[in-house]
Amino acid sequence: MKKDFKILAIESSCDETSSSVVVDGRFCLSNIVSSQIDIHTRFGGVVPEVASRNHITAIDNVVDLALEKAGLKLNNIDAIAVTYGAGLIGSLLVGVSYAKALAYATKKPLIAVNHIYGHIAGNYLSFPELKPPFTCLLVSGGHTAIIDVKDYNHHQLIGTTMDDAVGESFDKVARVMGLGYPGGPKVSKMAENGKENIFFNKPTDMGYNFSFSGKKTAVINYIHKLTQRGESIPVEDICFSFETQVVDELVNKTIKACQDLGYDKIVVAGGVSANKRLRKVLTEKSQENNIECFVPDFEYCTDNAAMIGSAAYYSYLDGIGIADMTLAPKPNLNLQDFLYKNN
Ligand code: KG4
Ligand code: ZN
């Protein structure tokens with residue numbers, strides 16, 4: 001592969017329209033993110049139809065800006081990459097159609113990327129020296145998993161959630177307390193002034209798997225009980241207790257998995273990796289166990305196209321993930337379907 005391989009990447013799986021130029025999978029020249037959070041906040045969550053319409057309005061400008069900020073024209077680009085799943089069908093369709101049209105018109109290779117695979121690769125941008133193998137804790141709005149990243153394109157699922165994803169449970173807890181959307185950052189902010197005085201039920205031993213719906217329901221029941229009694233809701237203490245207990249579960253299982261796999265590196269990925277408590281506790285516990293812990297820059301935690309550009313580079317390098325004009329969005333793309341196969 002030539003040096004300075006430049007990928008123009010597009011991400012539109014949920015409510016962020018993003019485009020980026022990434023060189024050799026490691027150096028980000030631009031990473032433009034147009035967020036729809038303000039639009040969806042008034043509905044208390046992402047409205048799929050509204051999201052896809054806003055992607056259509058934004059995508060042209062976002063791609064132009066990504067090229068402009070990188071100081072490049074389309075003809076300087078070597079390949080186009082796009083998220084083809086998992087995500088909202090209408091949202092994915094906008095990015096996939098746009099990328100297909102660009103690749104067709106410019107006769108450049110088209111690389112299809114699994115969104116989750118992108119989240120992991122976000123770390124290659126934050127840490128240019130980071131190489132597999134490592135244990136990855138993936139924590140997003142749609143997924144929670146411990147993954148054995150054996151190599152850039154060779155992953156094995158070790159554990160996952162049996163019910164809600166961790167970001168989803170943060171969002172639901174925030175909603176029931178009227179904190180707004182997205183809930184994770186709001187719960188985290190409230191937790192700063194809280195104390196741990198509510199103990200939600202611990203899940204039974206599930207090995208490397210997780211369960212968050214029990215804690216979420218416990219929070220809801222606790223609030224209902226206080227409301228029925230006419231008592232005030234200790235929002236800050238609830239947030240602190242919930243966040244602390246969720247983080248402990250994530251951290252303990254990830255450290256155990258890393259030790260059992262015989263690795264010395266833990267890498268965090270996905271939107272919930274922006275959580276300050278998770279970043280702190282995981283870093284501290286890793287150090288205590290002689291494990292190196294990598295948490296991505298905030299820019300690469302939540303959805304962005306740079307992470308897609310990095311993942312695309314490594315799959316292209318191995319001759320995989322290469323798509324053609326039949327590429328279609330896969331809203332339910334499985335966590336284990338890391339690599340796009342054109343068949
Ligand atoms: O990875 P992401 O941007 O989108 C998906 O692929 O799902 O993750 C979004 C999720 C949301 O559930 C949001 O509440 C959560 O990440 N999140 C956080 C924080 N920042 C974002 N959760 C806890 N603490 C945060 N600081
Ligand atoms: Zn995501």
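The model shown is predicted, which means the values in this text are computed figures rather than measured ones.

Peer 1: So what's going on with the packing of aromatic side chains? Which residues, and what values?
Peer 2: Within this structure, the stated rule accounts for ten aromatic pairs. Seen from their ring centres, Phe5 and Tyr313 are 6.4 Å apart, and the 50° between their planes marks the pair as tilted. Here Tyr313 lies in helix α10 (residues 306-317) and Phe5 lies in the segment before β1 (6-11), a separation of 308 residues in the sequence. Take Tyr313: its relative accessible area is 10%, and that puts it in the buried class. Measuring from ring centre to ring centre gives 5.1 Å for Tyr313 and Tyr314, while their planes differ by 85°; the resulting arrangement is edge-to-face. Note on Tyr314: relative accessible area 9%, which makes it buried. By the ring-pair criterion, three or more aromatic residues cluster together here, those being Phe5, Tyr124, Phe134, Tyr152, Tyr313, Tyr314 and Tyr316.

Peer 1: Quick rundown of the layout of surface pockets? Include the residues and the values.
Peer 2: For the largest pocket, the calculated volume is near 1200 Å³. Along the wall of the largest pocket there are 44 residues; nearest its centre are Gly141, Gly167, Asp171, Pro182 and Gly271. Mapped onto the lining of the largest pocket, the elements with two or more residues apiece are α4 (115-126), α5 (166-176), α6 (183-191), α8 (235-261) and α9 (276-288). In terms of residue count, the dominant contributor to the lining of the largest pocket is α5 (six residues).

Peer 1: Break down the coordination of the zinc ion (ligand 2) for me, citing the residues and quoting the values.
Peer 2: Coordination of the zinc ion (ligand 2) by the protein comes from His115 (NE2), His119 (NE2) and Asp303 (OD), over a distance range of 2.0 to 2.1 Å. As a motif over one chain, the donors of the zinc ion (ligand 2) read H-x3-H-x183-D. Taken together, the positions of His119 in helix α4 and Asp303 in the loop between β10 (292-294) and α10 put the pair 184 residues apart, joining distant regions of the chain. On the basis of relative accessibility, which here comes to 1%, the residue His119 falls in the buried class.

Peer 1: Which residues make up the domain arrangement of the chain, and what are the values?
Peer 2: Here the chain is described as being made up of domain 1 (6-125 + 300-323) and domain 2 (132-297). Its C-alpha centre places domain 1 at a distance of 27 Å from the equivalent point of domain 2. Residue-level contacts link 20 residues of domain 1 with 25 residues of domain 2. For the pair domain 1 and domain 2, the summed buried surface comes to about 1800 Å²; carbon and sulfur atoms form 65% of the total. Its largest share of buried area at the contact with domain 2, domain 1 owes to Ile120, Asn123 and Cys301, together 31% of the area lost on that side. Summed over the shared surface of domain 1 and domain 2, the number is zero salt bridges. Between domain 1 and domain 2 we count ten residue pairs in polar contact (both at pLDDT 80 or more) in total.

Each value, and the rule that gives it
One numbering rule holds for all chains: residues counted from 1, following each sequence as written. Chain letters and ligand numbers both follow the written order, the letters beginning at A and the numbers at 1. Two thresholds apply to this predicted model, a pLDDT of at least 70 for residue-level local features and 80 or more for giving and counting side-chain atom pairs, whereas whole-chain, interface and lining totals are computed over all residues. As a rule here, side-chain values come from all non-hydrogen atoms in the structure, and water together with hydrogens is ignored. Any two of the Phe, Tyr and Trp rings considered here, Trp counted by its six-membered ring, make a pair once their centres fall within 6.5 Å; the pair's planes then place it as stacked at under 30 degrees, edge-to-face at over 60, or tilted in between. We count a stretch as a helix when DSSP gives it H or I for four or more residues in a row; a strand needs E for two or more, and each element gets its number in order from the N terminus. Here's how the labels work: a residue is buried when its accessible area is under 20% of the maximum for its type, exposed when over 50%, partly exposed in between, all with a 1.4 Å probe on protein chains only. Using only the protein atoms, space was sampled on a 1 Å grid; points where a 1.4 Å probe fits but cannot get out form cavities, open sets with protein on both sides within 12 Å along at least five of seven lines form pockets, and lining residues are those with an atom within 4 Å of a point. Grid points are joined across faces, edges and corners, and a volume is the space filled by probe spheres set on the points. Donor selection uses N, O and S atoms within 2.8 Å of the metal (3.2 Å for Na, K and Ca). Since no water is included, sites may look incomplete. Either an automatic procedure or a domain database provided the assignment from which the domain bounds are taken. In this description, contact between two residues means that some pair of their heavy atoms is separated by no more than 4.5 Å. Two parts placed together each lose some accessible area; with a 1.4 Å probe, that loss summed over both constitutes the buried area. One side-chain nitrogen of Lys or Arg within 4 Å of one carboxyl oxygen of Asp or Glu is enough to make a salt bridge. Polar contact criterion, stated in full: a pair of N or O atoms within 3.5 Å, where within protein one must be able to donate a hydrogen and the other to accept it, and residues adjacent in sequence count only if both atoms are side-chain atoms.

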